[in-house]
Amino acid sequence: MMTDKNLRLEGIYPQRQKEFFMQRVKLPAGIISADQALKVAQLAGRYARGVVHLTTRGSIELHWLTEGDLPVVAAQLAQVGLYNRGACGGAVRGVICGSLSAAGAPTLEALVRKIHRHFTGNPRFEKLPKKFKIGVEADTSSKRHLIQDLAFVPAPSDDGRPRYDVYAAGGLGREPVPGFLLAPAVVEEAVLPLIERVLVEYEANTPPPKRLKFLVGQIGQEEFRRRVLGEALAELPTSAPTLTGSLLPVPAADEDRLEARVFAGELSADGLAALAEIAGRFCGGMLMVTGNQTVVMHLVEGSGREEALKALSEAGFANESAAERVVFRVCPGSHECIMGLAATRDVAAAVVAELGEEALKLTWAISGCPNCCAQPQLAQAGIVASRLVSDQAGRAPRFDLYRAGAGAFAEPEQQGLNLTELLAAVKKI
């Protein structure tokens, strides 16, 4: 058996339950083909108790794998071009993009794939102090650019060359810090060299297990900018340009975008297989896992929208129940995660049962520990299981309720609530 550190580099974490493991798979921008999705569904059915978990970074996870299952699953995934290297551990994680239905999506998608190819399995960047997260977004409206180690947002260009504003050193967890503007209007050809400079500086000067935000907090934004950019950004060597192009059909209008809501990100193997079949018939054979733990598909020109919606409904994705309609990000919590303090799926279901129609229109998130993997500070209403306390029923979680305001992140409105108090609080929203 490999060491725990090497297992993490292969995208594997031990589960809360002894002798079981989780395998995470990196999907650049959340994109997966129908053939790949079918393979994942087959593996989930055989090895993962028939369930795939969709993550808040557009990746997929297979839980309940035994040690003997791990090499078999990895080999099967590799046969369809799915790789796990760097999905966990001190490496560049999966590159996200929540903007693939926006104008200019093919350019964003091409940049994501370029970054993904360059850093996945790159031995120069597999001994980082901790995880390193990169995101590409069409604009700043989602605020997801503020929670990445590096984020790229398209900037105006006078010369016709794609340019990006670069944000750095963001992160959530116990000490949330919004990213800052590191450099404006960076040409696309300088993106990879800039990422490399940041990674070299991060690895050389940050003690494990600290994130990039720790280094910037220690030396300051201006000193960090000086170290990675030098006197002029033009000094950066540039990489060769890449052809833009989209694996996903680009939707002509919002109605060409199909979405299958998946409560708590728990998608059955049969459901994933059904979505893969629908994608093959109507959506160019491509699917996308979103940061809201849903599956999105774009209709190809000439496909029948009503027929596609009927197929979605027949597959169990009518999006009619409250749990299907609400945007509610949910991490695995104490169901499978070693760090989990609360049974997040159960708590989320109980919360949804208390929500009125107006509250169902809000974005929600619950994190089973203060690491905040479900990104509750980016939700309009967020819940964090902040600690365990002893009461008459034994050890029980306490929850903090966050609400979005004028700041970069949502702030705690009420803290230390037991489950009964939490449900009473959300009922008032």
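Placed above this text is the structure.
Residues numbered from 1 in each chain as written. Predicted model: local features only at pLDDT ≥ 70, side-chain atom pairs only at ≥ 80, totals over all residues. Heavy atoms only, no water.

### Let's talk about the overall build of the protein
- Counting its secondary structure elements, the protein contains 13 helices and 18 strands.
- Whereas a compact globule of 429 residues would reach a radius of gyration of roughly 22 Å, the protein reaches 21 Å, a difference of no more than 12%.
- Summarising its shape, the C-alpha atoms of the protein cover approximately 60 × 55 × 50 Å along the three principal directions.
- Counting only residues that meet the buried cut, the protein has 54% of its 429 residues in that class.
- Taking all contacts inside the protein whose residues are at least 6 apart in sequence as the whole, residues at least 24 apart take part in 64%.
- Of the roughly 18,200 Å² that the protein leaves accessible, carbon and sulfur atoms contribute 50%.
- With 47 positive and 48 negative side-chain charges, the protein shows a spacing of 6 Å between the two charge centroids. (Helix = DSSP H or I, 4+ residues; strand = E, 2+ residues; numbered from the N terminus. Rg over C-alpha atoms; globule rule 2.2 N^0.38 Å. Buried < 20%, exposed > 50% of the residue type's maximum accessible area, 1.4 Å probe, protein only. Contact = heavy atoms within 4.5 Å. Areas by Shrake-Rupley, 256 points an atom, 1.4 Å probe, with all protein chains shown as cover. Lys, Arg positive; Asp, Glu negative; His and termini not counted. Charge placed at Lys NZ, Arg CZ, Asp CG, Glu CD.)

### Some remarks on the nonpolar core
- Core analysis: the biggest nonpolar cluster contains 46 residues, and I115, F132, L150, F152, L182, I195 and F224 have the highest contact counts within it.
- In terms of residues, this core owes the most to one element, helix 5 (residues 191-205), which gives seven residues. (Core = buried A, V, L, I, M, F, W, Y, C linked by side-chain atoms within 4.5 Å.)

### A few points about the sheet that holds strand 12 (residues 286-289)
- Taken in spatial order, the four strands line up as 3-12-13-10 in an open sheet, and their pairing is antiparallel. Unpaired on one side and paired on the other, strand 3 (31-33) and strand 10 (257-260) mark the two borders of the sheet. In this sheet, adjacent strand axes meet at a mean angle of 30° when their direction is disregarded.
- Across four bridges, the pairing between strand 10 and strand 13 (residues 295-298) is antiparallel. The partner of R257 across the bridge, within strand 13, is H298.
- Together, strand 3 and strand 12 form the strand contacts of helix 2 (residues 34-47), whose direction differs from that of strand 3 by roughly 85°. (Pairing = 2+ DSSP bridges. Axes fitted to C-alpha atoms, helices over the stretch in contact; angles between N-to-C directions.)

### Details of the packing of helix 11 (residues 344-354) against helix 13 (residues 419-427)
- Closest axis-to-axis distance for the helix 11/helix 13 pair is 8 Å, and the angle between their directions is 35°. Judged by the twist between their axes, the crossing of helix 11 over helix 13 is right-handed. Of helix 13, the residues touching helix 11 (which contributes V347, A350, V351 and E354) are L419, L422, L423, V426 and K427. (Left-handed = near helix turned anticlockwise from the far one by under 90°.)

### Some remarks on the side chain of H145
- Summarising the element assignment, H145 is placed in the loop between strand 6 (134-136) and strand 7 (150-155).
- Among the residues examined, H145 registers a relative accessible area of 5% and is labelled buried.
- Setting aside its immediate chain neighbours within four residues, H145 contacts T140, A151, V153 and Y167.

### Thoughts on helix 11
- Turning to helix 11, its buried residues number three or more, namely T344, R345, V347, A348, V351 and V352. Looking straight down helix 11, one finds its buried side chains confined to an arc of 160°; they lie on one side. For helix 11, exposure combined with an orientation more than 90 degrees from the buried face picks out D346 and A353. (Arc of directions from axis to C-beta.)

### Digging into the pairing of strand 17 (residues 394-403)
- Strand direction decides the pairing type here: strand 16 (residues 381-391) and strand 17, joined by 10 bridges, are antiparallel. By the bridge assignment for strand 17, L388 is matched with P397.
- Between strand 16 and strand 17, which pair antiparallel and follow one another directly, the connecting turn spans two residues.
- Bridge count for strand 17 against strand 18 (residues 411-417) is four bridges, and the pairing is antiparallel. Looking at the pairing, F399 lines up with L417 of strand 18.

### What about the sheet that holds strand 9 (residues 180-187)?
- With respect to topology, four strands assemble into an open sheet ordered 6-7-8-9, the strand pairing being mixed. Every other strand in the sheet has two partners, leaving strand 6 and strand 9 as the edge strands with one partner each. If you compare each strand with its neighbour and ignore which way they point, the axes differ by 20° on average.
- Where helix 5 meets the sheet, its contacts fall on strand 6, strand 7, strand 8 (163-168) and strand 9, and the angle it forms with strand 7 comes to roughly 155°.

### Considerations on the pattern of salt bridges
- Evaluation of the coordinates by the stated rule reveals 22 salt bridges.
- In this structure, the salt-bridge partner of E61 is R24, at a minimum N-O distance of 2.9 Å. Taken together, the positions of E61 in strand 5 (residues 60-65) and R24 in strand 2 (residues 21-25) put the pair 37 residues apart, joining distant regions of the chain.
- Judged by its relative accessible area of 6%, E61 falls in the buried class.
- A residue is classified by how much of its surface remains accessible, and R24, at 15% relative accessible area, is buried.
- Close ionic contact of E196 with R124 constitutes a salt bridge, the shortest N to O distance being 3.2 Å. Of this pair, E196 sits in helix 5 while R124 is found in the loop between helix 4 (105-119) and strand 6, placing the two residues 72 residues apart along the sequence.
- Residue class for R124 comes out partly exposed when judged on its relative accessible area of 48%. (Salt bridge = Lys/Arg side-chain N within 4 Å of Asp/Glu carboxyl O.)

### Focus on the environment of I366
- Topologically, I366 is positioned in strand 15 (residues 363-367).
- Classification of I366 by relative accessible area gives buried; the value is 0%.
- Apart from residues no more than four positions distant in its own chain, I366 is found in contact with F328, R329, V330, C331, T344, V347, A348, A374 and I383.

These figures capture arrangement, not role.
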